[in-house]
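# Summary of the model geometry
So you can see what is in the structure, the chains are spelled out below.
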Amino acid sequence: MSSESSKKRKPKVIRTDGATPEGKRGKGDGDQDLRYYSEECEVDLRDPIKDYELYRETCQELQRLMAEIQELKSRGIKDNAVEIDERRVQSCVHFMTLKKLNRLAHIRLKKGRDQTHEAKQKVDAYHLQLQNLLYEVMHLQKEITKCLEFKSKHEEIELVSLEEFYQEAPPEISRPAITLSEPHQQTLARLDWELEQRKRLAEKYKECLTSKEKILKEIEVKKEYLSSLQPRLNSIMQASLPVQEYLFMPFDQAHKQYETARHLPPPLYVLFVQASAYGQACDKKLVVAIEGNVEEAKALYKPPEDSQGDSVAPQKRRRPTLGVQLDDKRKEMLKRHPLSVTVDLKCKDNSNDLSSVGADENVLHLTFYYLMNLNVMTVKAKVATAVEMTTAISAGDLLSPDSILNCLYPGDHGRKTPNPANQFQFDKVGILTLSDYVTELGHPYVWVQKLGGLHFPKDQPQHTVTADNTLSASHMELTVKLLRSRLQSRLALHKQFASLEHGVVPVSSECQHLFPTKVVSRLVKWAAIPYEDYAKLPYTKDVIEAGLAEDTHLYYMALIERGTAKLQAAVVLNPGYSTLPPIFSLCLNWKGERTGSNDDNIRAMESEVNVNYKELWGPKPGHQLLTNQLQRLCMVLDVYLETEPHDTSVEGPKEFPQEKMCLRLVRGPLRLKPFKFNYPQGFFSHR
């Protein structure tokens, strides 16, 4: 009965973890509070190690008592009930000891947390004070820098040399005994001497003004005398006009140019007139001129003189071979007009600072030729930069004459003749294509024909195509803008490539908000590659099959590294950059080879630079697009590596600790990573 009653009896639980409701407080509340606080005081007096030893001993005693109770019950003797009850009572005492130790442990834990929180608050306060001090140090350093960089007005004054100063200045101003040893006093003395000289010059200036007034009065008297000669000179000039027209004696350079333009063929004449008119009306930086031999141009339109066959005996000549005849016919077929039109298109370098205003400008020198027998126009280009460009190996084809004008209009490569009738002429002399001669003759772009007023219908080959002024005028403005934009973009790329080859991705201040403050991945290689090497890469097949990579494009290989991870980026640069964005194909070598075909996140990284390129254009005209795309690749590579799960089988810390703040590490069934950077909050999220 005693055992059954002990089983049914419930232990009385006293809650001390929170405040007791007022309605349930009784007489024993005060005692409970005293016991509660006495235990808190007792914690400070008790040794935790001894409590732990007591806990172990109590548990061992409980195990022993339970084992003895189990053994007594297994015997089944009724006399053992008293011994079992005694052991139960002893077990209850041990349970009470365990409860007390449990309460003491919780109190110690709470005190430890409170102490940790207080220590953390102190550390935060010290850290805040440290940040404030660092900010003050930075502010003082800026002020010191401003003071050191301060430029006084006297530095802009060109003072006389020291030797001249001590020779000409009087002793009361120069004071050699003091100024030779003190630079500050020396500068003050030189400024005093400068002031004295200027006062003297001001007096001389007044004297010169008085003499000038006298001279002006004399000039007025002489002008009155000369004005009487003006009518006589006018009559003489009117009488000499027939003589000037007869002798072809122009008075200025423009008149000479227009006289020379009379001997231009019709397409070059249309180009010269329209380009000159556009330059005078809309673009003062467009300079048009005529080059070549005028006498040869005049001789083309003169009838051949009668040969004096009677006085000269005919000579027998050896008949040339067939090969020599074909060479002569090809040269005659590809013969250019002796005169050519040059167009100099000037533009400023947008990357220069304000200190370079007024310096020489970059010039795109275009020379237009006319092939008389083929009735087409060609152009050769040459770039003259204002300053010497930094030699960049990867920028070799940017300013080359053969590639700078490629695809100025989409699909206009300048390799084939735009005149369909030329193919029949080529068949007669054995010329397969005009592309074999473009290095010598120039490129026959379609826009060049339109600037000369020539239009060749593809469906109806015609031999007689006349130059049209309206066609040239309608294409002049857009073509000039495209040419200037092409030159500016190539110059900007040339400077950017010089930085990329040194592992530096230049990001302007206007584009800093597109990227986080800290980007760990870095560019270690930037090099140009031929089209054949690009086509051999396994992860560029999709770009080639989509028709986005042609042999006229420019191809580059970028290598971005962080730790053991290496990201290869094959770049296709369209000739129409930055209107048409570059295309990136990625391959990550880290724990295997990862491309867009086997990793959805690599495909998402390609989308960040290829699809969302409009976010990276930056200020107009968007010449910073390529460098911003490379910087975004470094950023998304950081996110990719930092959000990768840690391999528990590898001992040691994680190779790429998470430094970027991400709302969610992955999302969706594809487990895509958060590559979108949110400014100014500074966290990454999914698109």
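Everything here concerns the structure above.
Figured I'd write up the structure that's included with this text. These figures come from a predicted structure and were not determined experimentally.

Moving on to the packing of helix 20 (residues 600–610) against helix 21 (residues 625–642). Where helix 20 meets helix 21, the closest approach of the two axes is 9 Å, and the angle between their N-to-C directions is 150°. In terms of their interaxial angle, helix 20 and helix 21 are classed as roughly antiparallel. Once helix 20 is placed against helix 21, the crossing between them reads as right-handed. Residues Asn601, Ile602, Met605, Glu608 and Val609 of helix 20 pack against Gln629, Arg632, Leu633, Val636, Leu637 and Tyr640 of helix 21. Among the residues making up the contact of helix 20 with helix 21, the classes are represented as 7 nonpolar, 2 polar and 2 charged.

The next thing to look at is the pairing of strand 3 (residues 362–371). In terms of burial, strand 3 is largely enclosed, as 9 of its 10 residues are buried. Pairing geometry for strand 2 (residues 339–347) and strand 3, over 7 bridges, is antiparallel. When the sheet's bridge partners are listed, Thr342 is paired in strand 3 with Thr367. Strand direction decides the pairing type here: strand 3 and strand 4 (residues 376–384), joined by 9 bridges, are antiparallel. Residue pairing across strands places Tyr369 opposite Thr378, the latter belonging to strand 4. Between the antiparallel neighbours strand 3 and strand 4 lie 4 residues, among them Asn375 with a positive phi of about 60°.

Turning our eyes to something else, we now look at the sheet that holds strand 2. Spatially, 1-2-3-4 is the arrangement adopted by the 4 strands of the open sheet, whose pairing is antiparallel. Of all strands in the sheet, those bounded by a partner on one side alone are strand 1 (286–292) and strand 4. When the angles between neighbouring strand axes are averaged without regard to direction, this sheet yields 20°. Strands in contact with helix 11 (residues 266–281) are strand 1, strand 2, strand 3 and strand 4; relative to strand 1, the strand with the most contacts, it is inclined by about 150°. Strands strand 2, strand 3 and strand 4 of the sheet are contacted by helix 17 (residues 469–500), whose axis makes an angle of about 60° with strand 2.

For the rest of this paragraph, the subject is helix 3 (residues 48–75). Owing to its 3.6 residues per turn, the α-helix aligns residues three or four sequence positions apart on the same side. Helix length check: helix 3, at 28 residues, gives a terminal C-alpha distance of 41 Å against a target of 40 Å (1.5 Å per residue), a fit within 8%. Considered for burial, the residues of helix 3 that qualify are Asp51, Thr58, Leu62, Leu65, Ile69 and Leu72. In this fold, the buried residues of helix 3 make contact with helix 4 (80–149).

Viewed as axis vectors pointing N to C, helix 17 and helix 21 meet at an angle of 30°, and their least axial separation amounts to 10 Å. As the angle between them shows, helix 17 and helix 21 are arranged roughly parallel. Listed contacts from helix 21 to Leu493, Gln496, Phe497 and Leu500 of helix 17 are Leu626, Thr627 and Leu630. Taken together, the residues of the contact of helix 17 with helix 21 sort by class into 5 nonpolar, 2 polar and no charged.

On to helix 17, then. In this model helix 17 runs 46 Å from its N-terminal to its C-terminal C-alpha over 32 residues, within 8% of the 46 Å that 1.5 Å per residue would give. Within helix 17, the axis deviates most sharply at Met476, by approximately 40°.

Counting residues in each nonpolar core, the largest one holds 100 residues, and the members touching the most others are Phe368, Trp447, Phe497 and Trp526. Per-element accounting of this core gives the leading share, 11 residues, to helix 21. Excluding anything up to four places from it in sequence, Phe497 contacts Ala392, Ser394, Ala395, Leu398, Trp526, Tyr556, Leu573 and Leu626. One finds Tyr534, Leu537, Val572 and Ile583 within the second-largest nonpolar core, a separate group that totals 12 residues.

Here we come to the pairing of strand 8 (residues 583–589). Strand 8 sits mainly inside the fold: 6 of its 7 residues count as buried. Here 7 bridges tie strand 7 (residues 565–573) to strand 8, and the two strands are oriented antiparallel to one another. Paired with Gln568 across the strands is Cys587, a residue of strand 8. Examined bridge by bridge, strand 8 and strand 9 (residues 593–595) share 3 bridges and lie antiparallel to one another.

The strand order 10-12-11 describes an open sheet built from 3 strands, whose pairing is mixed. Each edge of the sheet is formed by a strand with only one pairing partner; in this case those strands are strand 10 (661–662) and strand 11 (676–678).

Before going further, it helps to spend a moment on the environment of Asp542. With respect to the helices, strands and loops of the structure, Asp542 is situated in helix 19 (residues 541–545). Spatially, the C-alpha atom of Asp542 lies 9.1 Å from that of Ser585, the residues being 43 residues apart in sequence.

As enumerated under the stated definition, the model contains 31 salt bridges in all. Three or more residues are tied together by salt bridges with common partners; here these are Glu42, Arg46, Asp51, Lys100 and Arg108.

This part is about a nonpolar patch on the surface. The grouping of Leu140, Ile144 and Leu148 at the surface amounts to a nonpolar patch, some 340 Å² of accessible area in total. Looking at the element boundaries, Leu148 is found in helix 4.

Topologically, Arg667 is positioned in the loop between strand 10 and strand 11. Exposure remark for Arg667: the relative accessible area of 36% places this residue in the partly exposed category. Taking the C-alpha atoms as reference points, Arg667 and His686, 19 residues apart in sequence, are found 7.7 Å from one another. Those residues in contact with Arg667, other than ones at most four positions away along the chain, are Leu672, His686 and Arg687.

Inspection of the secondary structure assignment puts Gln257 in helix 10 (residues 253–261). The class for Gln257 is buried, based on a relative accessible area of 17%. One polar contact links the side chain of Gln257 to the main-chain amide nitrogen of Ile290, over a distance of 3.2 Å. The residues touching Gln257, leaving out its near neighbours within four places in the chain, are Phe272, Ala289 and Ile290.

Right, let's get into unusual backbone geometry. Between Lys620 and the following residue, Pro621, the backbone shows a cis peptide bond with an omega angle of 5°. Its location among the elements puts Pro621 in the loop between helix 20 and helix 21. A cis geometry characterises the amide bond from Tyr679 onward to Pro680, with omega recorded as 5°. Tracing the chain through its elements places Pro680 in the loop between strand 11 and strand 12 (683–685). Phi angles above zero are rare outside glycine, and Arg175 is one such case at about 45°.

The next thing to look at is the packing of aromatic side chains. By the definition in use, this model includes 11 aromatic pairs. Between the aromatic rings of Tyr258 and Phe272, the centroid separation amounts to 5.6 Å while the plane-to-plane angle is 70°, which identifies the pairing as edge-to-face. Highlighted residues: Tyr258 in helix 10 and Phe272 in helix 11, separated in sequence by 14 residues. Judged by its relative accessible area of 2%, Phe272 falls in the buried class. Ring centres of Tyr445 and Trp447 lie 5.7 Å apart, and the angle between their planes is 15°; this geometry places the pair in the stacked category. Judged by relative accessible area, Tyr445 falls into the buried class, the value being 0%. The class for Trp447 is buried, based on a relative accessible area of 2%. Members of the aromatic cluster, each reached through a chain of ring pairs, are Phe497, Trp526 and Tyr556.

Thresholds, definitions, all that
- Residue numbers restart at each chain and count upward from 1, following the sequence in its written direction.
- For a predicted model such as this one, the threshold for reporting local features is a pLDDT of at least 70, and the threshold for listing and counting side-chain atom pairs is 80 or more; totals across whole chains, interfaces and linings nevertheless cover every residue.
- Note that the side-chain values use all heavy atoms of the structure and ignore hydrogens as well as water.
- Lines fitted to the C-alpha atoms define the axes, with helices restricted to the stretch that makes contact. Angles between their N-to-C directions range from 0 to 180 degrees.
- Put simply, DSSP marks the helices as runs of H or I at least four residues long and the strands as runs of E at least two long, and each gets a number from the N terminus on.
- We call two directions roughly parallel when the angle between them is under 35 degrees, roughly antiparallel when it is over 145, roughly perpendicular when it lies between 65 and 115, and oblique otherwise.
- In this scheme, a crossing is called left-handed if the near helix is turned counterclockwise away from the far one by less than a right angle; it is called right-handed if the turn is clockwise.
- Note on definitions: a residue-residue contact is assigned when non-hydrogen atoms from the two residues lie within 4.5 Å.
- Basically, the charged four are Asp, Glu, Lys and Arg, the nonpolar ten are Ala, Val, Leu, Ile, Met, Phe, Trp, Tyr, Cys and Pro, and anything else, Gly included, counts as polar.
- Under the scheme applied here, a residue whose accessible area is under 20% of the maximum for its type counts as buried, over 50% as exposed, and between as partly exposed, the area being computed with a 1.4 Å probe on protein chains only.
- Two strands make a pair as long as DSSP finds a minimum of two bridges between them.
- Expected helix span is computed as 1.5 Å times (number of residues minus one).
- Here the bend at a residue means the angle between the axes of two seven-residue stretches, the one that ends at it and the one that starts at it.
- For the purposes of this section, nonpolar cores are sets of buried Ala, Val, Leu, Ile, Met, Phe, Trp, Tyr and Cys residues that join through side-chain atoms within 4.5 Å.
- Every case where a carboxyl oxygen of Asp or Glu lies within 4 Å of a side-chain nitrogen of Lys or Arg is listed as a salt bridge.
- Put simply, a patch holds well-exposed residues, over 30% relative accessible area, that have no salt bridge, with like charges counted together within 9 Å and Val, Leu, Ile, Met, Phe, Trp or Tyr side chains within 5 Å.
- The method behind every accessible area is Shrake-Rupley, applied with a 1.4 Å probe, and residues are considered shielded solely by the protein chains displayed.
- Between N or O atoms, a polar contact is any pair within 3.5 Å; within protein, one atom must be a potential hydrogen donor and the other a potential acceptor, and residues adjacent in sequence are included only when both atoms are from side chains.
- Between the rings of Phe, Tyr and Trp (Trp by its six-membered ring), a pair exists once the centres lie within 6.5 Å; its type follows the angle of the planes, with under 30 degrees stacked, over 60 edge-to-face, and the other angles tilted.

Structural measurements only, silent on function.
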